[in-house]
Amino acid sequence: MSSQSRSDGACRVVSRRTFVASTLAAGTAAVLPSWPRGSLAQEKAHRIDVHHHLSPPTHIEALRKAKLGTPPTYNWSVQKSLEDMDKAGVATSITSVTTPAASFLDTDDARRVARECNEYAARLMTDHPGRFGIFATLPLPHVEASLAEIAFALDTLKADGICLMTNYGDRWLGAPELAPVMEELNRRKAVAYTHPGPVDCCRNMIPGVHDSIVEFESDTARTIASLMFSGAAERWPNIRFIFSHAGGTAPALIERFRNAQRLNPKLAETMPRGADSYMKSFHYDTAQAANPMALGSLLKLVPVSQVMFGTDFPHRKTTEQAAALSAMDLGASALDAIFRDNARQLVPRLAGA
């Protein structure tokens, strides 16, 4: 297969009748509203996915050695990404490695794996022009190595942003140990995409249930709280954070976030603008949250301008996530913003996508 066979191919046009028939055949019975302009039935790929995982060989090797990872991560391929994107009308996917990134490795191995992952992602951009972007991997929690990788990723590879885990052991993103990294990202006005993962305190809480089912969403809320209550969000306002999965459980906790300031007046010094203001300044993706409960809750708190399309591929199919979002009663303008326009505003390089 040539490097252009997928990237230059037109998005498959799927009629409403064909889509509904195939969906029902798959056992996903749903009543969909009339298809707006932001629906799957497009002649030209136009969507931008900001939550799309890749699995560079060096990362898979490290995960296997540590007995980490899942089958979707192990079985990923570039061809599978392109095929999935084409089926759902995705023009560009910004790639990132999945949890735990390089956080389980010692300094030397973390530095090497992060560099090789980023160089691999950069080759995808070259081999498939316009189809991929990069949220670069860092060798955190190793701070000095991470500062060097930020410079390489943003200055040499021209990455679109940086990928951060929501926690590093028992430290969340507002932790003072991570301050040098945050200061550098703030100085650069960088995009910082975040992805949750298991946290030391709360692994295997429910036997037989993967940590991603409950704990990932809780950990996104923990790191948002860490950034706000520590004063980090106030000190580093130029970091353009993206939080996965519609902010996890954070929108449901907004009343408690507000009440924390009433219980502890000193928080007025660290977060003078109030919880609502910080939450409205962050960005969010729709991965595994394209439903009226999760995304609907978020959109009652933040404007639609802060929300971008994400899929969590290869853990979920892009067609599923796009169809679920299209089925929400958001209107064509809001769907266009989420599917494409908001990502273009955040990452100007994508203006032609």
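Just above, that's the structure.
Please read all numbers here as calculations on a predicted model, not as lab measurements. In this convention, every chain numbers its residues from 1, walking through the sequence in written order. Local features in this predicted model are restricted to residues whose pLDDT is 70 or higher, and side-chain atom pairs enter the listing and the counts only when it is 80 or higher, whereas totals over whole chains, interfaces and linings include all residues. Think of the side-chain values as coming from all heavy atoms in the structure, minus any hydrogens and water.

Caption draft 1: Focus on the overall build of the protein. Counting secondary structure elements, the protein contains 16 helices and ten strands. The buried share of the protein, reckoned over its 353 residues, is 54%. The long-range share in the protein, meaning contacts at least 24 apart out of those at least 6 apart in sequence, stands at 76%. A run of DSSP states H or I qualifies as a helix once it reaches four residues; a run of E qualifies as a strand once it reaches two. Both are numbered from the N-terminal end. Burial classes follow relative accessibility: with a 1.4 Å probe on protein chains only, a residue under 20% of its type's maximum area counts as buried, one over 50% as exposed, and anything between as partly exposed. Pairs of residues are marked as contacts when any of their non-hydrogen atoms sit within 4.5 Å.

Caption draft 2: Geometry of the packing of aromatic side chains. Any two of the Phe, Tyr and Trp rings considered here, Trp counted by its six-membered ring, make a pair once their centres fall within 6.5 Å; the pair's planes then place it as stacked at under 30 degrees, edge-to-face at over 60, or tilted in between. A full pass over the atoms with the stated rule returns eight aromatic pairs. Each ring, one from phenylalanine 241 and one from phenylalanine 243, has its centre 5.7 Å from the other, and the planes form 15°; the classification is stacked. For the pair shown, phenylalanine 241 and phenylalanine 243 are each scored as buried. Where phenylalanine 241 meets phenylalanine 282, the ring centres are 6.0 Å apart and the plane angle is 90°; that geometry is what we call edge-to-face. Pair noted here: phenylalanine 241 is in strand 8 (residues 240-243) and phenylalanine 282 is in the loop between helix 13 (275-281) and strand 9 (283-285), with a separation of 41 residues, a long-range link. By the ring-pair criterion, three or more aromatic residues cluster together here, those being Phe241, Phe243, Phe282 and Tyr284. Its end group placed over the ring of tryptophan 236, arginine 235 keeps NZ or CZ at 4.7 Å from the ring centre. Two limits define a charge over a ring: the Lys NZ or Arg CZ must be within 6 Å of the ring centre, and within 35 degrees of the ring normal.

Caption draft 3: Examining unusual backbone geometry more closely. Following leucine 140, the chain continues into proline 141 via a peptide bond in cis, with omega recorded as 20°. Going from phenylalanine 313 to proline 314, the amide bond is cis rather than trans, its omega being 10°. Relative to the helices and strands, proline 314 is located in the loop between strand 10 (307-308) and helix 15 (318-327). For lysine 67, which is not glycine, the phi torsion reads 60° and is therefore positive. Here lysine 67 is to be found in the loop between helix 3 (57-65) and helix 4 (71-74). Taking the relative accessible area as the measure of exposure, lysine 67 reaches 77% and is therefore exposed. Even without a glycine there, the phi angle at lysine 158 is positive, about 60°. Under the relative-accessibility criterion, lysine 158 is labelled exposed at 53%.

Caption draft 4: Region of interest: the nonpolar core. Ranked by size, the top nonpolar core spans 96 residues in total, and within it Leu164, Leu185 and Phe241 carry the most contacts. Top element by residues in this core is helix 6 (residues 107-127). It accounts for eight residues. Those residues in contact with leucine 185 that lie beyond four places of it in its chain are Ile150, Ile162, Leu164, Ala190, Ala192 and Ile239. To define a nonpolar core, start from buried Ala, Val, Leu, Ile, Met, Phe, Trp, Tyr and Cys residues and group those joined through side-chain atoms within 4.5 Å.

Caption draft 5: Representation of the packing of helix 6 against helix 7 (residues 143-156). To get an axis, fit a line to the C-alpha atoms, keeping to the stretch in contact for a helix; angles then go from 0 to 180 degrees between the N-to-C directions. Where helix 6 contacts helix 7, the axes come no closer than 11 Å and their chain directions differ by 15°. What the angle tells us is that helix 6 and helix 7 run roughly parallel. Of the two elements, helix 6 crosses helix 7, and the hand of that crossing is right-handed. Each of Arg111, Ala114, Arg115, Asn118 and Glu119 in helix 6 lies in contact with helix 7, whose residues at this interface are Ala145, Glu149 and Phe152. When an angle is under 35 degrees it counts as roughly parallel; over 145 it counts as roughly antiparallel; between 65 and 115 it counts as roughly perpendicular; any other value is oblique. In a left-handed crossing the near helix is turned counterclockwise from the far helix by less than a right angle, and in a right-handed crossing that turn is clockwise.

Caption draft 6: Here's a closer look at the side chain of asparagine 186. Here asparagine 186 lies in helix 8 (residues 179-187). When its relative accessible area of 13% is taken as the criterion, asparagine 186 is described as buried. Not counting the four nearest positions on each side in its chain, asparagine 186 is found in contact with Arg235, Trp236, Pro237, Asn238 and Ile239.

Caption draft 7: Up close: the packing of helix 7 against helix 8. It is at 9 Å that the axes of helix 7 and helix 8 come closest, and there the two elements cross at 15°. Considering their axes alone, helix 7 and helix 8 lie roughly parallel with respect to each other. Judged by the sense of rotation from one axis to the other, the crossing of helix 7 with helix 8 is right-handed. Contact with helix 7, carried on its side by Val143, Ser146, Leu147 and Ile150, involves Pro180, Val181, Glu184 and Leu185 of helix 8 and no other residues of that element. Amino acids outside the nonpolar list (Ala, Val, Leu, Ile, Met, Phe, Trp, Tyr, Cys, Pro) and the charged list (Asp, Glu, Lys, Arg) are all regarded as polar, and Gly is one of them. Here the contact of helix 7 with helix 8 is composed, by residue class, of six nonpolar, one polar and one charged.

Caption draft 8: Representation of helix 7. To estimate how far a helix should reach, multiply one less than its number of residues by 1.5 Å. With 14 residues, helix 7 should reach 20 Å at 1.5 Å per residue; the first-to-last C-alpha distance of 19 Å fits that figure. For helix 7, the full list of buried residues reads Val143, Ala145, Ser146, Glu149, Ile150, Phe152, Ala153 and Leu154. If you follow the buried residues of helix 7, they end up packed against helix 6, strand 3 (132-136), strand 4 (161-165) and helix 8. Lysine 158 sits one or two residues past helix 7 and shows a positive phi near 60°.

Caption draft 9: Layout of the pairing of strand 2 (residues 90-96). With seven of seven residues buried, strand 2 lies mostly within the body of the structure. Pairing of strand 1 (residues 47-53) with strand 2, which is carried by five bridges, proceeds in the parallel orientation. What sits directly across from histidine 53, in strand 2, is serine 96. Judged from the three bridges that link them, strand 2 and strand 3 form a sheet pairing that is parallel. Looking at the pairing, threonine 95 lines up with isoleucine 134 of strand 3. Each pair of strands is called paired provided DSSP finds at least two bridges between the two strands.

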